[in-house]
2 protein chains.
Amino acid sequence: MMRVRTFLTATEVDPGEVGGSTAVVIDVLRATSSVVEALAAGARAVYPTVSSEEAIRLANSLGRDDTLLCGERKGLKIEGFDLGNSPAEFTTERVAGKRLVMSTTNGTRAFLAVEDADRVIAASLLNLSAAARAVSGAERLVLVCSGRENRFSLDDALCAGLLLRVLEKEGELEPDDASRAVLALTHAHEPTADLLLETGAGVALVAVGLRDDVLYCASRDRHALVPEMRDRVIRLSEGE
Amino acid sequence: MMRVRTFLTATEVDPGEVGGSTAVVIDVLRATSSVVEALAAGARAVYPTVSSEEAIRLANSLGRDDTLLCGERKGLKIEGFDLGNSPAEFTTERVAGKRLVMSTTNGTRAFLAVEDADRVIAASLLNLSAAARAVSGAERLVLVCSGRENRFSLDDALCAGLLLRVLEKEGELEPDDASRAVLALTHAHEPTADLLLETGAGVALVAVGLRDDVLYCASRDRHALVPEMRDRVIRLSEGE
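Residues numbered from 1 in each chain as written. Chains lettered and ligands numbered in written order. Predicted model: local features only at pLDDT ≥ 70, side-chain atom pairs only at ≥ 80, totals over all residues. Heavy atoms only, no water.

What follows concerns the pattern of salt bridges. Following the criterion strictly, the structure yields 24 salt bridges over all chains and no others. Linking Arg151 of chain B and Glu12 of chain A is a salt bridge whose minimum nitrogen-to-oxygen distance equals 3.8 Å. Within this pair, whereas Arg151 of chain B is found in the loop between β8 (140–145) and α6 (154–170), its partner Glu12 of chain A is found in the loop between β1 (2–7) and β2 (22–26), the two belonging to separate chains. Note that Asp82 of chain B is salt-bridged to Arg64 of chain B, the shortest N-O span being 3.5 Å. Taken together, the positions of Asp82 of chain B in the loop between β5 (76–77) and α3 (92–95) and Arg64 of chain B in the loop between α2 (52–62) and β4 (67–73) put the pair 18 residues apart, joining distant regions of the chain. Relative accessible area serves as the criterion here: at 32%, Asp82 of chain B is assigned to the partly exposed category. Residue Arg64 of chain B is classed as partly exposed on the basis of its relative accessible area of 35%. (Salt bridge = Lys/Arg side-chain N within 4 Å of Asp/Glu carboxyl O. Helix = DSSP H or I, 4+ residues; strand = E, 2+ residues; numbered from the N terminus. Buried < 20%, exposed > 50% of the residue type's maximum accessible area, 1.4 Å probe, protein only.)

Shown next, in the form of structure tokens:
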């Protein structure tokens, strides 16, 4: 029996409640998609930070030679940073062997909200099946949909629901209200590129010229890898 | 075209964003169900307050002769109060002609979060059809699911979805992510008594001996009335 709690925004998370759980952070558009893509392209580690000032300080202390500053505000690359938050930017040429300090609006907040969990992994549509395999067998699972500026985001909720659809085939779930809701959503909607383009986050990205990012993030299981965060550093999960 | 925004918890509401809208507050288990029941039983007005201290102060200034103190903490009646928050308590014998000062955990917070809206009404399953009629034709609609202690509650989300199901038959909706989600939920779940008993709020009420409240709140369209809040006082909507 897997007890599942789903938080529909990062702000709903009570950090005191995640101890003893396996936590999955979901930010389809785009933070966790970018983390997956960065690690797939050979980045050594991703350091999530909240403020851009903190990102700059951390990058300086890690050493600017092999550290890239990545991040967005209102969708667009932060001025002076090396990369934004578009998954397609994270190519092998750019990121292989590098450390990435990443400052994003909602995704970072979600990672830090669950840092007291026993295990923290990242999921997106790009690594959905691998993420489901990684948490299979957990007794207490916490899904955190990053949401958008403190509000519900359909893309994250659908990704959470699809994850639970995989898990409920493997064993009985004990879902809370929000887990039941995200499961039910997957019976009404598929997170296709067309649907993601219609979500609030999708519309906002198209408005700033990042339509291709939305299409990219819709591709299912592009990578069979799992990002895992320990001590605020995200690396490839061990055993992969 | 009706633009619809749904907030899945009261804490998600940005009070600055509700101006110019018609707002619907939903707390199926149990605040808005109780408000509907109280007005149906002839209560003159309901005054939502956050703290029990504020409730006592307000009741004293209104005059204790024709004012009842109502409210709950963790589901149970506040000590020294006249009534709790069980809809079935609000009988004609007890409340007809009275003012009710009501302090509840989540519902009150939702009412106050949208007090800057052009119009604020209360919906529950007990007055679902009447509530839908009352907001039909609004150009900008805001639905606020009270939720439970800052978290998603399935009963409120289903009630919101059913309201939108009625409204989408009458004209085109322009739903945000959360509005699409609550609509989708209604295709997977019906808010029957059995389902309400399985929700987080339902389980908590059963645990404190209030199973009958859950059954009561599940009955659809028991009353064709609409509570409306003006200047923090909830009365029967005019024209009824």
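This paragraph deals with empty space enclosed by the protein. Evaluated as defined, the whole model comprises five cavities of 30 Å³ or more. Size it by volume and the largest cavity reaches roughly 60 Å³. Forming the walls of the largest cavity are Leu8, Phe152, Ala178, Ala181, Val182 and Leu185 of chain A together with Leu8, Phe152, Ala181, Val182 and Leu185 of chain B. Of all the secondary-structure elements, those providing two or more residues to the lining of the largest cavity are α7 (177–188) of chain A together with α7 (177–188) of chain B. Residue contributions to the lining of the largest cavity peak at four residues, all from α7 of chain A. Taken together, the residues of the lining of the largest cavity break down into 11 nonpolar, no polar and no charged. (1 Å grid on protein atoms, 1.4 Å probe; cavity = no way out; pocket = protein on both sides within 12 Å on 5 of 7 lines; lining within 4 Å. Points joined across faces, edges and corners; volume = space filled by probe spheres on them. Nonpolar A, V, L, I, M, F, W, Y, C, P; charged D, E, K, R; others polar.)

Moving on, we get to the relation of the copies chain B and chain A. Copy one and copy two of the chain differ by a rotation about a common axis and a shift along it. If you rotate chain B by 180° and push it 0.0 Å along the axis, it lands on chain A with an RMSD of 0.0 Å. Here the symmetry operator amounts to a two-fold rotation axis. Across chain B, the rotation axis passes nearest the C-alpha of Leu185 of chain B, at a separation of 3.1 Å. Comparing contact sets, 100% of the residues at the interface of chain B also lie at the interface in chain A, consistent with an isologous, same-surface contact. (Least-squares fit on C-alpha atoms with pLDDT ≥ 70 in both. Contact = heavy atoms within 4.5 Å.)

On the side of chain A, 26 residues touch chain B, which itself brings 26 residues to the contact. The contact between chain B and chain A buries some 2100 Å² in all, and 48% of this surface belongs to carbon and sulfur atoms. Taken as a group, Arg151, Asp177 and Arg180 of chain B account for 36% of the area that chain B buries against chain A, more than any other trio of residues on that side. Here chain B is connected to chain A by six salt bridges. In this structure, the connection of chain B to chain A is made through 10 residue pairs in polar contact (both at pLDDT 80 or more). Counting residues per element, the ones that place at least two in the side of chain B that touches chain A are β1 (2–7), α6, α7 and α8 (193–198) of chain B. It is α7 of chain B that contributes the most residues to the side of chain B that touches chain A, seven residues altogether. Considered class by class, the residues forming the side of chain B that touches chain A number 10 nonpolar, eight polar and eight charged. (Buried area = accessible area lost by both parts, 1.4 Å probe. Polar contact = N/O pair within 3.5 Å; in protein donor to acceptor, adjacent residues only side chain to side chain.)

A few words on helix α1 (residues 31–40) of chain A. Of all the 10 residues making up α1 of chain A, nine are buried; the element is thus mostly covered by neighbouring parts of the structure. Restricting attention to buried positions, one finds in α1 of chain A the residues Ala31, Thr32, Ser33, Ser34, Val35, Val36, Glu37, Ala38 and Leu39 of chain A.

To continue, consider the pairing of strand β4 (residues 67–73) of chain A. Side-chain positions along a regular strand alternate between the two faces of the sheet. Residue and element names in this part refer to chain A. Within β4, six of the seven residues are buried, which leaves it mostly tucked inside the rest of the structure. The sheet contact formed by β4 and strand β6 (residues 99–103) spans five bridges and is parallel. Counted as the bridge partner of Leu68 is Leu100 from β6. Examined bridge by bridge, β4 and strand β5 (residues 76–77) share two bridges and lie antiparallel to one another. Following the sheet pairing, Arg73 is matched in β5 by Leu76. Adjacent in sequence and paired antiparallel, β4 and β5 are bridged by two residues, among which Lys74 carries a positive phi angle near 50°. (Pairing = 2+ DSSP bridges.)

Turning to the packing of helix α5 (residues 128–135) of chain B against α6 of chain B, a few remarks are in order. All names here are of chain B. In contact at an axis separation of 9 Å, α5 and α6 are set at 55° when each is read in the N-to-C sense. By the angle class used here, α5 and α6 are oblique. The two elements α5 and α6 cross, and the hand of that crossing is right-handed. Of the residues in α6, those touching α5 at Leu128, Ala131, Ala132 and Val135 are Cys159, Leu162, Leu163, Val166 and Leu167. Within the contact of α5 with α6, the residues separate by chemical class into nine nonpolar, no polar and no charged. (Axes fitted to C-alpha atoms, helices over the stretch in contact; angles between N-to-C directions. Parallel < 35°, antiparallel > 145°, perpendicular 65-115°, else oblique. Left-handed = near helix turned anticlockwise from the far one by under 90°.)

Our next topic: the packing of aromatic side chains. In total, this model carries zero aromatic pairs over all chains according to the counting rule given. Between Arg222 of chain A and the ring centre of Tyr216 of chain A, over which it is positioned, the NZ or CZ distance is 4.0 Å. (Phe/Tyr/Trp six-rings, centres within 6.5 Å; stacked < 30°, edge-to-face > 60°. Lys NZ or Arg CZ within 6 Å of the ring centre and 35° of its normal.)

Further remarks concern the environment of Ile26 of chain A. Residues and elements named next belong to chain A. Looking at the secondary structure, you find Ile26 in strand β2. Each C-alpha atom, one on Ile26 and one on Leu125, is 9.1 Å from the other, the two residues being 99 residues apart in sequence. Those residues within four positions of Ile26 in sequence are excluded, and the remaining contacts are Thr32, Ala123, Val144, Cys145, Ser146, Asp156, Cys159 and Ala160.

With that out of the way, let us pick up helix α9 (residues 200–207) of chain A. All names here are of chain A. Residues of α9 that are buried include every one of Ala201, Gly202 and Leu205, and no others. An end-on view of α9 places all buried positions within 100° of arc, on one side of the element. Elements that come into contact with the buried residues of α9 comprise α6 (154–170), α8 (193–198) and α10 (211–217). (Arc of directions from axis to C-beta.)

By themselves these figures say nothing about function.
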